[in-house]
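# Structural features, examined
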Amino acid sequence: MSRAFVKEQDVDAPEEIPERPVSENANDVTESGMAQIEHALVAAKEAYGQAQALGDRTALAAAARDLRYWSARHATARVVPIAQGTDEVRFGASVTIVRDDGREQTFRIVGEDEADPAKGSISHVSPLARSMFGKRVGDVVRAGNGEAEITSIR
């Protein structure tokens, strides 16, 4: 297509950036999870200000999207106090399981935004966490395609 048929506003328009989906689940977080959300919110505000100062429309759109996401997550976050008892699996607990194949894994159950399975934390809405809630040491739970026994709750 000839450049003669392209509107000038189309040339400068930033790419459409899809919204970050906001979970419909309860936004339960640990104290450190709330701190992470607050840090991300500050960073999003700073990125927005920098993009605005530079007049970078693409960066501004991305920063605005992140600012909306983190503002929504901050507004709905509910810090859940860590339960002191270790008699059953609850939010914030560190749980060690032994899978069918003998692998031992320990996960801490945390909020969605702070979950990082590679670092040993899983979201409270994950299938594994849901299967463990309310269970005790010695109970067997569904873990992926198999089962696992809970061996420790801290």
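What counts and what doesn't
- Residues numbered from 1 in each chain as written.
- Predicted model: local features only at pLDDT ≥ 70, side-chain atom pairs only at ≥ 80, totals over all residues.
- Heavy atoms only, no water.
- Phe/Tyr/Trp six-rings, centres within 6.5 Å; stacked < 30°, edge-to-face > 60°.
- Lys NZ or Arg CZ within 6 Å of the ring centre and 35° of its normal.
- Salt bridge = Lys/Arg side-chain N within 4 Å of Asp/Glu carboxyl O.
- Helix = DSSP H or I, 4+ residues; strand = E, 2+ residues; numbered from the N terminus.
- Buried < 20%, exposed > 50% of the residue type's maximum accessible area, 1.4 Å probe, protein only.
- Pairing = 2+ DSSP bridges.

## Digging into the packing of aromatic side chains
Here the structure, examined in full by the defined rule, presents 1 aromatic pair. Here the aromatic rings of tyrosine 69 and tryptophan 70 are separated by 4.8 Å at their centres, their planes lie at 85°, and the arrangement is edge-to-face. Just above the ring of tyrosine 69 sits the side chain of arginine 20; from NZ or CZ to the centre is 4.0 Å.

## Details of the pattern of salt bridges
Going through the model one piece at a time under the given rule, you end up with 11 salt bridges. A salt bridge links arginine 68 to glutamate 19, with the shortest nitrogen-to-oxygen separation between them at 2.4 Å. Here arginine 68 is found in helix α3 (residues 57-76), whereas its partner glutamate 19 is found in the loop between α1 (8-12) and β1 (28-29), with 49 residues between them in sequence. Residue classification places arginine 68 among the partly exposed positions, given a relative accessible area of 42%. One salt bridge in this structure joins arginine 73 and aspartate 113, with 2.7 Å as the shortest N-O distance. In this pair, arginine 73 is assigned in helix α3 and aspartate 113 in the loop between β4 (104-110) and β5 (121-123), connecting sequence segments 40 residues apart. Because the salt bridges share partners, they merge into one network encompassing Asp87, Glu88, Arg90 and Arg136.

## Quick notes on the pairing of strand β6 (residues 140-143)
Within a regular strand, the side chains alternate between the two sheet faces. Sheet topology note: the β6/strand β7 (residues 146-153) ladder contains 4 bridges and is antiparallel. Across the sheet, residue valine 140 finds its bridge partner in β7, namely glutamate 149. Where β6 hands over to β7, the hairpin turn is made up of 2 residues, of which glycine 144 adopts a positive phi near 65°.

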